[in-house]
Amino acid sequence: MKYLPSAKKTPALVESGPNDSTFTVYSSMSKTLTDFSLTDTSLLGIHQYKQPEGLYEVYRMFHATDSTVLGLKSIDPNRLVEISLKDGKRVAGYGTWEKIPDADHLIDYSDPIINYHLGQINKGWFKANRKLGLFVTAGVYRDKIEIFDYNDKKFTIVEGPRVELPKFEIVQGGANSSVIFDIENKYGHRDIYIDEKYIYNLYGGFNEQEIFETNEVAKTIYILTHSGDVVGKLNLDISIRGLVVDSNLKKIYGITTDEDPGIAVFELPEEFL
């Protein structure tokens, strides 16, 4: 392992562009999406478009096609929604929220705001591989990974390593109610990266107190196939938050969580190349 200098600022979203020589940046401040060219050294975008009004409730999103995005809405009956970039109108919704096992005493399924509660309980990291058409949600509170294949519009659900439900309660606050998790709960999945062959899942297992005392956020990477089979587990010698994998260089990159954060570089085992 070695270190590279840390980055000071990051945009709200960065994803691969419509072709291999471009990438797209989303600015939550200016509400714009801008395409950049990797071969253009002027630092200026080659194409920019304003976020349509229909996207304001979508808090995580990636391009599904050149003209639509797929994302998570704060309150919606569907796990994922597809929105047109032209007019902000809803194109489709995919996957409906299911009842949570053994939680009927905690959740009022007749409450009109139930979709908000279910969204919060299943909240997590959302990443995509635009080229492959794969969109993955990994729960930060609940150990659950949802792999959505845009090509056939199907979900694959992977539960674990913990199967028990995290402790929570639904608290009323004025006219609204929210899901409040027990502070002793350990966080689950911390990040996701999708490459041509595998899904790399950064896993935590530390609660707020442990993170505060040790600065350790995540030291485990599970490796899954695109169909959801777990085929490997890597135990790291240092804690990271966020990861990127470069199979060509045989490297895994992660942002360290120590007092002076940098970028840690790990060797990718040969069996996953």
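Residues numbered from 1 in each chain as written. Predicted model: local features only at pLDDT ≥ 70, side-chain atom pairs only at ≥ 80, totals over all residues. Heavy atoms only, no water.

J.: For the overall build of the protein, give the residues involved together with the corresponding values.
T.: Helices and strands together make up the secondary structure of the protein, namely 2 helices and 22 strands. Its C-alpha radius of gyration of 19 Å places the protein within 12% of the 19 Å reference for a compact globule of 273 residues. Along the first, second and third principal axes, the C-alpha set of the protein runs to 55 × 45 × 35 Å. Looking at the 273 residues of the protein, the share that counts as buried comes to 46%. Approximately 14,700 Å² of the protein is accessible, and the part contributed by carbon and sulfur atoms is 52%. (Helix = DSSP H or I, 4+ residues; strand = E, 2+ residues; numbered from the N terminus. Rg over C-alpha atoms; globule rule 2.2 N^0.38 Å. Buried < 20%, exposed > 50% of the residue type's maximum accessible area, 1.4 Å probe, protein only. Areas by Shrake-Rupley, 256 points an atom, 1.4 Å probe, with all protein chains shown as cover.)

J.: Requested: an account of the sheet that holds strand β16 (residues 189-194), with residues and values cited.
T.: Sheet strands pair via backbone hydrogen bonds, and the direction of the pair is either parallel or antiparallel. Overall, antiparallel pairing links the 4 strands, which are arranged β16-β17-β18-β19 in an open sheet. At either end of the open sheet lies a strand with only one pairing partner, and these are β16 and β19 (230-235). Ignoring strand direction, the axes of neighbouring strands in this sheet form an average angle of 20 degrees. The pairing of β16 with strand β17 (residues 198-203) spans 5 bridges and is classified as antiparallel. Residue pairing for β17: Y193 is matched across the bridge by Y200. (Pairing = 2+ DSSP bridges. Axes fitted to C-alpha atoms, helices over the stretch in contact; angles between N-to-C directions.)

J.: Let's hear about empty space enclosed by the protein: which residues, and what values?
T.: The final tally for this structure, using the stated rule, is 1 cavity of 30 Å³ or more. In terms of lining residues, the largest cavity is bounded by 16 residues, among which L72, W97, G119, N122 and T137 are the most central. Those elements that place two or more of their residues in the lining of the largest cavity are β7 (68-73), β8 (78-84), β11 (134-139) and β12 (144-149). It is β11 that contributes the most residues to the lining of the largest cavity, 3 residues altogether. Tallied by class, the residues present in the lining of the largest cavity amount to 4 nonpolar, 6 polar and 6 charged. (1 Å grid on protein atoms, 1.4 Å probe; cavity = no way out; pocket = protein on both sides within 12 Å on 5 of 7 lines; lining within 4 Å. Points joined across faces, edges and corners; volume = space filled by probe spheres on them. Nonpolar A, V, L, I, M, F, W, Y, C, P; charged D, E, K, R; others polar.)

J.: Can you tell me about the pairing of strand β4 (residues 32-37), naming the residues and giving the values?
T.: Buried residues dominate β4, accounting for 6 of its 6 residues. With burial as the criterion, each face of β4 is covered, one bearing T32, T34 and F36 and the other bearing L33, D35 and S37. Direction of pairing for strand β3 (residues 22-27) relative to β4: antiparallel, over a ladder of 6 bridges. Opposite V25, over in β4, you have T34 as the bridge partner. Here β4 runs beside strand β5 (residues 47-50); their pairing, made up of 4 bridges, is antiparallel. Pairing of T34 across the sheet is with Q48, part of β5.

J.: Which residues make up the nonpolar core, and what values do they have?
T.: Nonpolar side chains in soluble globular proteins tend to end up buried together. Counting residues in hydrophobic clusters, the biggest one holds 22 residues, and the most contacted among them are Y200, I221, I223, I240, L243, I252 and F266. Elements supplying a minimum of two residues to this core: β17, β18 (220-225), β20 (240-246) and β22 (263-267). The residues touching Y200, leaving out its near neighbours within four places in the chain, are D191, I192, Y193, D195, I221, Y222, I223, L243, V245, L268 and F272. One finds V136, I192, Y203 and L224 within the second-largest nonpolar core, a separate group that totals 12 residues. (Core = buried A, V, L, I, M, F, W, Y, C linked by side-chain atoms within 4.5 Å. Contact = heavy atoms within 4.5 Å.)

J.: Run through unusual backbone geometry, naming residues and quoting values.
T.: Here the bond from G160 into P161 is cis, since omega is 10 degrees, no more than 30 degrees from zero. Counting through the fold element by element, P161 comes out in the loop between β13 (154-159) and β14 (168-173). Despite not being glycine, N215 shows a phi value in the positive range, around 65 degrees. Relative to the assigned elements, N215 resides in the loop between α2 (208-214) and β18.

J.: Can you tell me about the confidence of the model for the protein, naming the residues and giving the values?
T.: On average, residues of the protein score 89 in pLDDT, and 94% of them are at 70 or above. Below a pLDDT of 50 lies the segment residues 1-10, which in the model reaches 19 contacts outside its immediate sequence neighbourhood of four places, other chains included. (pLDDT = per-residue confidence, 0-100.)

J.: Could you give me a rundown of the pattern of salt bridges, with the residues and numbers involved?
T.: Per the counting criterion, the structure on display carries 15 salt bridges. Between K73 and D76 there is a salt bridge; the shortest N-O distance is 3.9 Å. With relative accessibility at 6%, the residue D76 sits in the buried group. Of the charged contacts, one joins K144 and E146 as a salt bridge, the two residues approaching to 3.5 Å between their closest N and O atoms. Here the two residues K144 and E146 agree in accessibility, since each one is buried. Each of R79, E98, R142, K144 and E146 takes part in one network of salt bridges that share partners. (Salt bridge = Lys/Arg side-chain N within 4 Å of Asp/Glu carboxyl O.)

J.: Quick one: what's the story with the sheet that holds β11, residue by residue and with numbers?
T.: Judged by pairing direction, the sheet is antiparallel, and its 4 strands sit side by side in the order β10-β11-β12-β13 without closing on themselves. What marks the edges here is a single partner per strand, and that holds for β10 (124-129) and β13. Adjacent strand axes in the sheet meet at a mean angle of 15 degrees, parallel and antiparallel pairs treated alike. Relative to β13, β12 is paired through 6 bridges, and the arrangement is antiparallel. Within the sheet, the bridge partner assigned to I145 lies in β13 and is V158.

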